[in-house]
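# Overview (structure and organization)
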Amino acid sequence: MDYASFARERRAAILERVSQAAAVSGRTADDVLLVAVSKTVGIEEVAAAHAAGYTAFAENRPQELKRKQSAAQDFPELADVRWDMIGHLQTNKVKDVVGSVSLIHSVDTLHLAEAIDARAAKLGVTVPILLEVNVAGEESKSGFSPAEALAQIGSVLELANVSVEGLMGMAPAHDPGAARRAFSDLRELRDLLSHETGCHLGELSCGMSDDFAIAIEEGSTIIRLGRTVFDPAYALQ
Ligand SMILES: *Cc1c(COP(=O)(O)O)cnc(C)c1O
């Protein structure tokens with residue numbers, strides 16, 4: 001099968017899973033944004049995924065984001081795609097990202113939020129962000145602890161040039177039960193923070209190739225899919 005056909009057929013299969021999972025939480029596939037994580041592929045694969053129907057792409061490193069966005073200029077059909085930042089962001093790289101992405105999922109400290117705000121103010125823009133929460137308390141992962149999120153969200157909300165849209169999280173790998181708990185904990189924290197701040201936090205960015213169906217069942221509004229979109233050797237879960 002050629003890559004374009006793979007991309008089309010895989011997207012159809014993913015959308016069917018998304019619909020089934022959305023129905024479990026009383027929603028439809030239209031309630032879930034599929035973000036294609038292109039960090040392991042080149043611009044040709046991005047163009048194939050776009051032709052298959054994806055309009056939102058994401059990178060986890062600022063340098064690769066820049067490289068992809070510049071390569072995309074040779075593909076007129078990619079002019080309107082949305083790019084998101086989903087990986088750990090150092091404050092000295094903020095200037096490379098603010099102004100060129102639609103959403104920064106991975107805001108993991110107040111200090112980073114302040115740096116984004118300062119850059120956004122300089123450019124005269126407002127940057128939509130998510131607070132990344134290390135909801136399962138894994139040593140290897142970055143993010144606010146739930147307690148830090150609760151204590152610090154007020155300070156983030158005071159920043160005039162960032163707009164907090166919701167939370168982002170990752171589940172422990174290879175453990176569907178633990179993943180479900182992590183996603184439902186993230187949703188409950190989102191609801192608590194909305195209630196405490198009186199600020200509508202609509203978005204929940206959670207769910208990757210291995211666990212997106214569980215995440216959607218638990219209320220995810222944005223799933224970040226890498227391997228299942230781009231890798232023909234990866235079996236759809
Ligand atoms: C790579 C990556 C993904 C996609 O992972 P897959 O398991 O390939 O779907 C999602 N989120 C983040 C933050 C990533 O770095």
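Residues numbered from 1 in each chain as written. Predicted model: local features only at pLDDT ≥ 70, side-chain atom pairs only at ≥ 80, totals over all residues. Heavy atoms only, no water.

### Description of the overall build of the protein
Worth spelling out the cut-off: To qualify as a helix, a DSSP run of H or I must reach at least 4 residues; to qualify as a strand, a run of E must reach at least 2; elements of each kind are numbered from the N terminus. Radius of gyration: C-alpha atoms only; globule rule: 2.2 Å multiplied by the number of residues to the exponent 0.38. Using a 1.4 Å probe on the protein chains alone, a residue whose accessible area is under 20% of its type maximum counts as buried, one over 50% counts as exposed, and one in between counts as partly exposed. Residue contacts are defined here by distance: any two heavy atoms, one from each residue, within 4.5 Å place the two residues in contact. In this description, accessible areas are obtained by the Shrake-Rupley approach with a 1.4 Å probe, and a residue is regarded as covered only by the protein chains that are shown.
Counting secondary structure elements, the protein contains nine helices and eight strands. A globule of 237 residues ought to have a C-alpha radius of gyration of about 18 Å, and the protein, at 17 Å, matches this closely. Seen through its principal axes, the protein has C-alpha atoms that stretch 50 × 40 × 30 Å. A burial count over the protein gives 49% of its 237 residues as buried. Restricting the contact set of the protein to residue pairs at least 6 apart, pairs at least 24 apart contribute 63%. In the structure as shown, the protein presents an accessible area of about 10,900 Å², 49% of it carried by carbon and sulfur atoms.

### Some points on the environment of Arg-10
With respect to the element layout, Arg-10 can be found in helix H1 (residues 3-24). Judged by relative accessible area, Arg-10 falls into the buried class, the value being 12%. When the C-alpha positions of Arg-10 and Ala-49 are compared, they lie 9.8 Å apart, and in sequence the two are 39 residues distant. Once residues within four sequence positions are removed from consideration, Arg-10 is found in contact with Thr-228, Asp-231, Pro-232, Tyr-234, Ala-235 and Leu-236.

### Regarding the site of the ligand
Our working rule: In this text, near means that some heavy atom of the residue lies within 4 Å of the molecule or strand in question. Nitrogen and oxygen atoms within 3.5 Å of one another constitute a polar contact, given that in protein one can donate a hydrogen and the other can accept it, and given that sequence-neighbouring residues count only through two side-chain atoms.
Close to the ligand lie Val-37, Lys-39, Asn-60, Ile-86, Met-170, Met-208, Ser-209, Arg-224, Leu-225, Gly-226 and Arg-227. Between an oxygen atom of the ligand and a side-chain N or O atom of Ser-209, the distance comes to 2.5 Å. Note that an oxygen atom of the ligand is positioned 2.8 Å from one of the side-chain N or O atoms of Arg-227. Expressed as a share of its isolated accessible area of 390 Å², the protein-covered part of the ligand is 90%.

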